[in-house]
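Coordinate inspection notes
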Amino acid sequence: MRDGVDPATWLIAGGRNRAPGEPLNVAPQLASNFYLPADRDYSRAKGTATTEAFETLLGGLEGGRALAFASGMGAAAAVLNRLAVGDTLVMPLDPYHGVKGLAEEAEAQGRWNVVRLDLADTEAWIEAASVADLLWLETPANPLMTVADLPAICGAPRKDGAIVAVDSTFGTSFCQRPLDLGADIVMHSATKFIGGHSDLLAGLLVTTDDGLYDELHTRRLLHGASIGAMEAFLAIRGARTMSLRMERAQANAMELAQRLEASDDVATVRYPGLETHPTHANAAKFMTGWGAMISFETVGSAERAAAICERIEIINHATSLGGIESTMERRAAVAGQEDIPPTLIRLSVGCEDIEDLSDDLANAFAATRDL
Ligand SMILES: *Cc1c(COP(=O)(O)O)cnc(C)c1O
């Protein structure tokens, strides 16, 4: 295909075998091994036609070479476990809890030096770039939606051989392009907005560096974190409509964020698109959309926030995010997240009608005012 097509077009047109007699969609190739001699002998090492189509599609979208994993954590672990004994990992104060867990374990065993920084403290990140072996960023971050100044941090002078990796799951390829800003690796939990239907687990790493690609490819096969063909098939199907879903979900999210901000039932709203968001200025520097994730703190007790999550009828009371269906949960109820403000609700905005979403929340607020 010619270069330079719009990302929305690429997601629909890319990753296909355009040859007479081939199906339009690469079928799920359910295989562990293949007749020899062949380049592709075993799928943990070499993937399948389906996983390769998924990698072509998402690599093209993100602007590099993609490696698909069995989950977002499979992808994250491949990057983190490159670190050698004595290496320094610089990461956010409160990264995704799986990443936090890997770092805490390696730190407790004396394997890595772990430096934790506030994502909003750009100067500290710039300074840390000269001592870090791996700068691990997550932006916008879970669950406070803090946005790091990616252009400044990715462009900071680094120690020789240092790698900058960005967990771009909340931002998606439609809102930010970390590789263009100087990051070495972009990571996605494709379980979320890429798959988009809450029916699969998948992860992705994308890089423009061939040496790094080879290393991460080896880590994937050693860790046994390769994606299955059915997951790759479903993830492709989800990704085909991603631009439509993101467009709708982001428009809904902006409108809902504004309505929540104006509501007497809500104390604080955190959404990168709101000018009141503490790191809105960072977001405005490089994001081309504000994403579909909102968090807000309700007025009243934690019990009330929990009751609101149980009263909703259209939004789904569930963890995870990025689906065509809206989901929400009280984050402090999640194991390991007890230090999150007790009434904070994280809302992944889907593609339902905005008035229905808004009414659903308003009804749940009204029904719980005595708590
Ligand atoms: C879900 C998530 C992950 C982990 O992905 P899995 O697919 O659940 O393994 C990592 N980072 C962020 C920001 C996530 O939301």
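The rules behind the values
- Residues numbered from 1 in each chain as written.
- Predicted model: local features only at pLDDT ≥ 70, side-chain atom pairs only at ≥ 80, totals over all residues.
- Heavy atoms only, no water.
- Domains from an automatic or database assignment.
- Contact = heavy atoms within 4.5 Å.
- Buried area = accessible area lost by both parts, 1.4 Å probe.
- Phe/Tyr/Trp six-rings, centres within 6.5 Å; stacked < 30°, edge-to-face > 60°.
- Helix = DSSP H or I, 4+ residues; strand = E, 2+ residues; numbered from the N terminus.
- Buried < 20%, exposed > 50% of the residue type's maximum accessible area, 1.4 Å probe, protein only.
- Lys NZ or Arg CZ within 6 Å of the ring centre and 35° of its normal.
- Pairing = 2+ DSSP bridges.
- Axes fitted to C-alpha atoms, helices over the stretch in contact; angles between N-to-C directions.
- Near = heavy atom within 4 Å.
- Polar contact = N/O pair within 3.5 Å; in protein donor to acceptor, adjacent residues only side chain to side chain.
- Nonpolar A, V, L, I, M, F, W, Y, C, P; charged D, E, K, R; others polar.
- Core = buried A, V, L, I, M, F, W, Y, C linked by side-chain atoms within 4.5 Å.

1. Some remarks on the domain arrangement of the protein chain
According to the domain assignment, the protein chain contains domain 1 (7–240) and domain 2 (243–367). Each partner contributes residues to the interface: domain 1 has 34 residues there, and domain 2 has 33 residues. Counting the surface lost from both domain 1 and domain 2, the interface buries some 2700 Å², and carbon and sulfur atoms represent 61% of this. By the criterion of area lost to domain 2, the three top residues of domain 1 are Met145, Cys175 and Phe193, representing 24% of everything that side buries.

2. Considering the packing of aromatic side chains
In this description, a pair of aromatic rings is defined by centroid distance and the angle of the planes. Per the stated rule, a full pass over the model turns up 1 aromatic pair. Ring centres of Phe296 and Phe365 lie 6.3 Å apart, and the angle between their planes is 80°; on these two criteria the pair is classed as edge-to-face. You can see Phe296 sitting in strand β9 (residues 293–298) and its partner Phe365 sitting in helix α14 (residues 354–367), a full 69 residues away along the chain. Neither Phe296 nor Phe365 differs from the other in exposure class; each is buried. The cationic tip of Arg111 hangs over the ring face of Trp112; the distance from NZ or CZ to the ring centre is 5.6 Å. Positioned above the aromatic ring of Phe69, the side-chain terminus of Arg220 is 5.8 Å from the ring centre.

3. With respect to the sheet that holds strand β12 (residues 344–348)
Pairing between the strands of a sheet comes from backbone hydrogen bonds, and it takes one of two forms, parallel or antiparallel. Across the sheet, which stays open at both edges, the 5 strands sit in the order β8-β9-β12-β11-β10 with mixed pairing between neighbours. The open sheet has two edge strands, β8 (266–270) and β10 (316–317), and neither has a second partner. Sheet analysis places β8 next to β9, joined by 4 bridges and oriented antiparallel. Each residue of the ladder has a partner; that of Arg270, found in β9, is Ser295. Its contacts with the sheet place helix α11 (residues 242–262) against β8, β9 and β12, and it is angled at close to 15° to β9.

4. What to know about helix α4 (residues 72–80)
Along α4, 8 of the 9 residues are buried, which leaves the element largely enclosed by surrounding structure. Here α4 has its buried residues at Gly72, Gly74, Ala75, Ala76, Ala77, Ala78, Val79 and Leu80.

5. Observations concerning the site of the ligand
Around the ligand, the surrounding shell holds 14 residues, and the nearest of these are Met73, Asp167, Ser189, Thr191 and Lys192. Gly72 places a polar main-chain atom, nitrogen or oxygen, 2.9 Å from an oxygen atom of the ligand. In the model, a nitrogen atom of the ligand is placed 2.6 Å from a nitrogen or oxygen of the Asp167 side chain. Among the residues making up the shell around the ligand, the classes are represented as 6 nonpolar, 5 polar and 3 charged.

6. Digging into the nonpolar core
Core analysis: the largest hydrophobic core is formed by 35 residues, its most contacted members being Phe54, Leu58 and Ile194. Of all the elements in the fold, those that place two or more residues in this core are α1 (7–13), α3 (49–62), β1 (65–69), β7 (203–207), α10 (229–240) and α11. With 5 residues, α3 is the single largest residue contributor to this core. Of the domains in this structure, domain 1 (7–240) and domain 2 (243–367) are the two that each give at least three residues to this core. Look past the residues within four positions of Ile194 in its chain and what remains in contact with it is Phe54, Leu58, His188, Leu204, Ala235, Gly238, Ala239, Met242 and Arg245.

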